[in-house]
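So the chains spell out like this:
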Amino acid sequence: TYIPNKEFSDVTTKLAVFDEMKKELQNSDVSDARSVSLFKGDRGVCSISIVEDLMYDCCVDMEGLAMKMKLSKCTADEIALAESQRKGLTHYIGSKKEQFLGLWTSREEQVYCIFSNKLSRVFQEAARGQLNIGWGTPDKPDCRGLTQEEFKKLDFS
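Quick caveat: nothing in here was measured; it's all calculated off a predicted structure. (Residues numbered from 1 in each chain as written. Predicted model: local features only at pLDDT ≥ 70, side-chain atom pairs only at ≥ 80, totals over all residues. Heavy atoms only, no water.)

1. Description of unusual backbone geometry
No. 1: Residue F39 is not a glycine yet carries a positive backbone phi of 65°.
No. 2: Inspection of the secondary structure puts F39 in the loop between α1 (8–27) and β1 (42–49). (Helix = DSSP H or I, 4+ residues; strand = E, 2+ residues; numbered from the N terminus.)

2. A closer look at the state of the cysteines
No. 1: Enumeration according to the criterion identifies two disulfides in this entry.
No. 2: Covalently, C46 is tied to C59 through a disulfide, its sulfur atoms 2.1 Å apart. On the sign convention where negative means left-handed, the S-S torsion of about 110° between C46 and C59 marks this disulfide as right-handed. With a gap of 13 residues between them, C46 in strand β1 and C59 in the loop between β1 and α2 (65–68) connect regions that are remote in the sequence.
No. 3: Residue C46 is classed as buried on the basis of its relative accessible area of 0%.
No. 4: One disulfide in the model links C113 with C143; its S-S distance is 2.0 Å. On the sign convention where negative is left-handed, the bridge of C113 and C143, at about -90° about the S-S bond, is left-handed. (Disulfide = S-S within 2.5 Å. Buried < 20%, exposed > 50% of the residue type's maximum accessible area, 1.4 Å probe, protein only.)

Here's what the structure looks like:
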């Protein structure tokens, strides 16, 4: 006999994952489907200067004294990253700090992986946890997609 799955959220989540996989496979321009990586992210970087919120902050607020005085401005990539953060599309990797004369931090860069949608981000976070795959470092972030072999190892229960 057949016992239907009454857990609607479980079924719809799995369908959404497979639908997203289908889209990625259709949009990839590789000749061999076995070499496609799934749910790939892109590296994103933003910067904060000297004293947080005093000079400039291109990671969250897009504000600061230097911004108000028009001495500095955030790049288009930093603005896009901030918007992606607000939408929940990013995974924080870490930060790199620049020292002024080796005495104090003059600038901080925050590094993220940016995903095309929330499902891709959440799926990557859960999958990497199961597979023990790290995110890399701020100097070398790992925003790669999952291989089909890795995907086969996932426990969807």
